[in-house]
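# Per-entry structural report
Given next are the chains, with one letter for each unit.
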Amino acid sequence: MRKILIFLSALMLCCSMVLGQEENTTFENANSAYNAGQFEKAVMLYKEILESGQQSAELYFNLANSYYRLNQVAESIFYFEKAKLLKPKDEDININSAFAQNMAIDAVEVLPKSQMTQWKEKIIDLLSQEGWAYFTVLLAWLLALFWGLYLWNKVPLVKRTFFVSTVVLGLLLMGSLAITFVKASNAADTTFGILFNNKIEVWAEPNKRAEVLFLLHEGTKVQMLDELQEWQKIRIANGSEGWIKDGKVRSLKGFK
Amino acid sequence: MKKIGKVLLMMKTFITILLLMMGFVQTMAQEVSFEAKVSKRSLGLNERLRVDFIMNENGDDFTPPPFKGFRVVGGPNQSISNSWVNGKRSFSKTYTYFLTPIQKGALTITQAKINIDGEIYKTTPQRITVTEAVEVPRDPNSPEYLIDDNLHLVTKISNNRPYLNEAITVVYKLYFRNPLRISDGRVVENPQFADFWSHNINIPQLKVENGTYKGEQYNVVVWKKSVLYPQKTGKLSLEPLSLSLVIDLPSNRRDFFGNRILQQSSRTVTAGRRTIKVKPLPEKGKPANFFGAVGQFNFDALLNKNALKATESFEIKLKVTGKGNLKLFNLPELVLPNTLEVFEPEHTENVRTTMSGMQGSIEDNYTIVPRFQGKYPIAPVSFSYFDPKKQEYFTLRSSNQIVDVYGGPVATNSTDKNIPSTTKQLITNTDESFRFIKLTPNLEPIVKEEFWNSKRYYALLVLPLFLLVAFVLLMQRNRRISGDLEGSRLRLANRLSKKYLGEAKKNLKNKALFYDALERALYNYLKARLKIKTDDFSKDKITKFLGDRKLAQEEIQSFIALLENCEVARYSPATDAKMQQDFDQVLSVISNIEKKL
């Protein structure tokens, strides 16, 4: 029985390795197709990898580049944004994303942020969600350890040191727990998407009796706020809000 | 009557003489005719009608018809004419009646009879329509009547039911014929074409041409030509054109040389008010980007460069050519990426207006300066128009073009709120180029098990606290097992020694200092605990104070003994062991007192 189990697990491991191998080959094939100028083929191959359930910032970046070469603005921006979600600080991604943004019709002025918000965001974005999770666990363990040491130790000076560290660790833990939860709820509440409509009117209310506020074009990043029947409420980076009807907005939380 | 009779008598004698003179002339074999002629077929109730019964052979026994529905106001007058031309005789004898109708409707003048050479001839019945009374019974010989009959100002409209913005032409024509002649004319009132876009086509010189009006030959002058584009739907009326004309009419008088004297009369003629029904453009199939262009057009967007350096400029020309209301609509707007600097378009029109409407081209010329490098798509522009001939909408679309801009800074205009590091406009001055793709895949499954929010995460987060609690509980249990009393005393002593005996402990090596410190420590302790002032330190007082605090006599004694011992020991030889022993004793005594207090 055990032998069979071991065999099975070995087989599965083997399979997964082979599969991974296959995707890497596809990736290389796609890269050479891109380099040869066959962007449609490159797109097809990259998408094949995506469909097999694999992702990476690099994959999204390459896919976005291929779409850029094919002059498909919205697709290109969409995948650049996906790449940015995984690697927000990558220089290549940011530079090429700027090229794609140039190609889009709408250039939205980003709303200036207050110093406080900037700091807040800097702190929140210091670590990824997973990073914060691991960090809080680490802090919890350290806290328990130091507390224990404080209780166990009898030498006053050492005891005092441990006591202070315990208090500091406790505060840190509470802070980072708060940050982790805020970050998680932020991520859950805010959904960004890329607009795929060539041109769409943004209305003040979800009905045609209201006035048209402004026009948006393909490739604009919008925050999806609300929905009412076939209307969607959106917000763009400059803070303007409005409703669009039957908009083709592809959420960045999705994968296709 | 009498006069006519006289004339007739005279004529009769004249004819008889003639006949006598030319008796030899044979009567020619000739068909006999007898017919009735009416001056009008239709007349108003208050007008008069003249009826002639004409025969070409003399006859007798003329019986007029009963003229039912008419009243005879004059006649019968008889006239005979007899002439020979080139040996050919023509004869006519006419009975004339003037009638006025006494009832409306279709009346018939029945047959008249005459006996010519023994045979009875009859005229054909004549149908007359009698209408309502006319305002002014027209006298056919008056100049008014002549002008009315022979001069017409007519408005000709090319299309009475045009579409909105479809060109129609309005031509004002003046018809006139002999005997009228027009010697002068001027416009009294030019029509104002409200609700129309109008263009007057210049007529350099008025020309008289031949034309027909209601099937009769006339002279025609085209007075005014206009092209109109209706700007409103529904019934629109065209204001009439009024002309003041000076008309020459021949009068009955003749001058010395026998020519007729012309009579001048001035007259204002007005073309009737005309109504045009303008149809709205069909709603069905109306494109969203339809801005009112009606006609036949061609549309193109022309780009003068496809690749250029940043900060150079290029031009895009939107051009519409064709036939239609070119001046009356705007060209579609060009949609460009906002990062391009676009100047106001320059609008040029090259339109001629002819009788068939406006023709030519209009164009919008955009000058664009890209500041950053990259590819800029020029979105296709679509232009829609309505063709009134085919009654259909057409949409023309320019091709999709891309302008490639090289050699300039890259603009990063991130609209991303999540990533504060790139929210500021990042404009690098170096010629940043488009980066190549990445070559390492670093693939990972999309659906990953996340540590955050998993059970494992919470377990790991809470586990250390449980461990800590367990640890504390364990420690307490250990302490209970290892004797609580001893332990707590020890801890108390530790605390006290730390507080009061620190100095003494430091001086365990130096006997004099040690005992001095020890004694001071005892005093200090009392001072702190019993709140005694330093001056009052006598043994009696200490005993009394401690006694007040309900300490056992034994303990007070041991405290006093300690104080005395300190004093003695300072000057007596003592070993280190003795000092340590004394120190411990002080500690235990203080601990004991502390517990009681």
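In terms of helices and strands, chain A carries 8 helices and 8 strands. Every one of the 256 residues in chain A was classed for burial, and the buried ones make up 36%. Of the contacts formed within chain A by residues at least 6 apart in sequence, a portion of 56% connects residues at least 24 apart.

Let us now look at the nonpolar core. Counting 73 residues, the largest nonpolar core has A:Tyr46 and A:Ala64 as the members making the most contacts within it. Looking at this core, the element that brings in the most residues is helix H3 (residues 57-69) of chain A, giving 8 residues. Counting residues in each nonpolar core, the second largest holds 20 residues, with B:Leu501, B:Phe514, B:Phe583 and B:Ile590 among its members.

The next thing to look at is the confidence of the model for chain A. Within chain A, residue pLDDT values average 86, and 91% of them lie at 70 or more. For chain A, per-element mean pLDDT is lowest for helix H1 (residues 2-35) of chain A, which scores 70, and highest for H3(A), which scores 92.

What follows is about the sheet that holds strand E22 (residues 307-309) of chain B. Residues and elements named next belong to chain B. Reading across the sheet, the 3 strands line up as E22-E30-E27 and stay open at both edges, with mixed pairing between neighbours. Looking at strand neighbours, the two that pair on one side only are E22 and strand E27 (374-378), the edges of this open sheet. On average, adjacent strands in this sheet sit at an angle of 25° to one another, irrespective of strand direction. Pairing of E27 with strand E30 (residues 401-406), which is carried by 5 bridges, proceeds in the antiparallel orientation. Pairing of Pro377 across the sheet is with Ile402, part of E30.

All names here are of chain B. Where helix H7 (residues 539-548) contacts helix H8 (residues 553-571), the axes come no closer than 10 Å and their chain directions differ by 150°. The angle between the axes of H7 and H8 places the two elements in the roughly antiparallel class. The chirality of how H7 crosses H8 is right-handed. For the pair H7 and H8, contact is made by Lys539, Ile542, Thr543, Leu546 and Gly547 and by Ile556, Phe559 and Ile560, respectively. Classifying every residue of the contact of H7 with H8 gives 5 nonpolar, 2 polar and 1 charged.

The rules we used
- Residues numbered from 1 in each chain as written.
- Chains lettered and ligands numbered in written order.
- Predicted model: local features only at pLDDT ≥ 70, side-chain atom pairs only at ≥ 80, totals over all residues.
- Helix = DSSP H or I, 4+ residues; strand = E, 2+ residues; numbered from the N terminus.
- Buried ≥ 20, exposed ≤ 12 C-beta atoms within 10 Å, placed from the backbone.
- Contact = placed C-beta atoms within 7 Å.
- Core = buried A, V, L, I, M, F, W, Y, C linked by C-beta atoms within 7 Å.
- pLDDT = per-residue confidence, 0-100.
- Pairing = 2+ DSSP bridges.
- Axes fitted to C-alpha atoms, helices over the stretch in contact; angles between N-to-C directions.
- Parallel < 35°, antiparallel > 145°, perpendicular 65-115°, else oblique.
- Left-handed = near helix turned anticlockwise from the far one by under 90°.
- Nonpolar A, V, L, I, M, F, W, Y, C, P; charged D, E, K, R; others polar.

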